[in-house]
Amino acid sequence: MLRASFATEAAVYGVILVAGLEVVAGFSGKTSWSVFTTVIVTVVVFWAAHVYAGTLAHLGLDHERVVGIGEAFRTSLRRSAGLLASALIPSLILLLGATDLVDDDTALWVALWSGVLVLAVLGWIAFVRRGAAWYVCLIGAVATASFGFMMILAKAFIH
């Protein structure tokens, strides 16, 4: 289940998408509630588009057998689940700011850093699945996390 729905390219894209939205929305001085709603709406639209595009891409012939719309849709739905799952942790953190349990700025920064952590975990999982040595898994985790760190640098320099 973890491999099929979370540790996927869609999950990596989702984390980077959320981080980008946090940077842009945070730059404009929006509240955590506003950033939260922007993230949720945008991620759901991107997810729906991803499912639709994946359905179209898998529809038709596959190794000389016909793939119907139902099968293509289910395959795309499964492969796209990581995009939604990847938004959960940073969104919950933004929700803490939206409900005033933490201040907006803190919620935004913690949500951004949580994206770095999620990316590191995704990188680690990818290399563990390949049976790589621990140090290769660590390099993979750092390389994957670097995309989130680039978003943090963008926030630091833009803000």
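Residues numbered from 1 in each chain as written. Predicted model: local features only at pLDDT ≥ 70, side-chain atom pairs only at ≥ 80, totals over all residues. Heavy atoms only, no water.

Asker: Break down the nonpolar core for me, with residues and values.
Answerer: The biggest cluster of nonpolar side chains holds 15 residues, and the ones touching the most others in it are Val18, Val35, Val39, Val43 and Leu94. Those elements that place two or more of their residues in this core are α2 (9-27), α3 (32-58), α4 (69-98) and α5 (104-129). Contact partners of Val35, with chain neighbours within four places excluded, come to Glu22, Ala25, Gly26, Lys30, Leu94 and Leu108. Counting 8 residues, the second largest nonpolar core, distinct from the first, contains Ala19, Leu112, Ala141 and Ile152. (Core = buried A, V, L, I, M, F, W, Y, C linked by side-chain atoms within 4.5 Å. Buried < 20%, exposed > 50% of the residue type's maximum accessible area, 1.4 Å probe, protein only. Helix = DSSP H or I, 4+ residues; strand = E, 2+ residues; numbered from the N terminus. Contact = heavy atoms within 4.5 Å.)

Asker: Tell me what's going on with the UniProt feature "transmembrane region" (unreviewed entry) in the chain, and back it up with residues and numbers.
Answerer: Using the residue numbers shown here, the UniProt feature "transmembrane region" (unreviewed entry) corresponds to residues 12-29, 35-61, 81-102, 108-127 and 134-158. Along residues 108-127 one finds 100% helix and 0% strand; the C-alpha atoms at either end are 29 Å apart. (UniProt positions renumbered as here; feature names shortened; annotations may be inferred.)

Asker: So what's going on with the environment of Gly82? Which residues, and what values?
Answerer: Note that Gly82 resides in helix α4. Overall, the relative accessible area of 0% leaves Gly82 in the buried class. Sequence spacing of Gly82 and Trp47 is 35 residues, and the spatial spacing of their C-alpha atoms is 9.1 Å.

Asker: An account of a nonpolar patch on the surface is requested, with residue identities and associated values reported.
Answerer: The grouping of Trp124, Val128, Trp134, Tyr135, Leu138, Ile139 and Val142 at the surface amounts to a nonpolar patch, some 760 Å² of accessible area in total. Secondary-structure elements contributing two or more residues to the nonpolar patch are α5 and α6 (134-158). If you tally residues by element for the nonpolar patch, the top one is α6, at 5 residues. Looking at where Leu138 falls in the secondary structure, it is placed in helix α6. Here Leu138 falls in the partly exposed class, since its relative accessible area comes to 41%. (Patch = residues over 30% accessible without salt bridge, like charges linked within 9 Å, V, L, I, M, F, W, Y side chains within 5 Å. Areas by Shrake-Rupley, 256 points an atom, 1.4 Å probe, with all protein chains shown as cover. Salt bridge = Lys/Arg side-chain N within 4 Å of Asp/Glu carboxyl O.)

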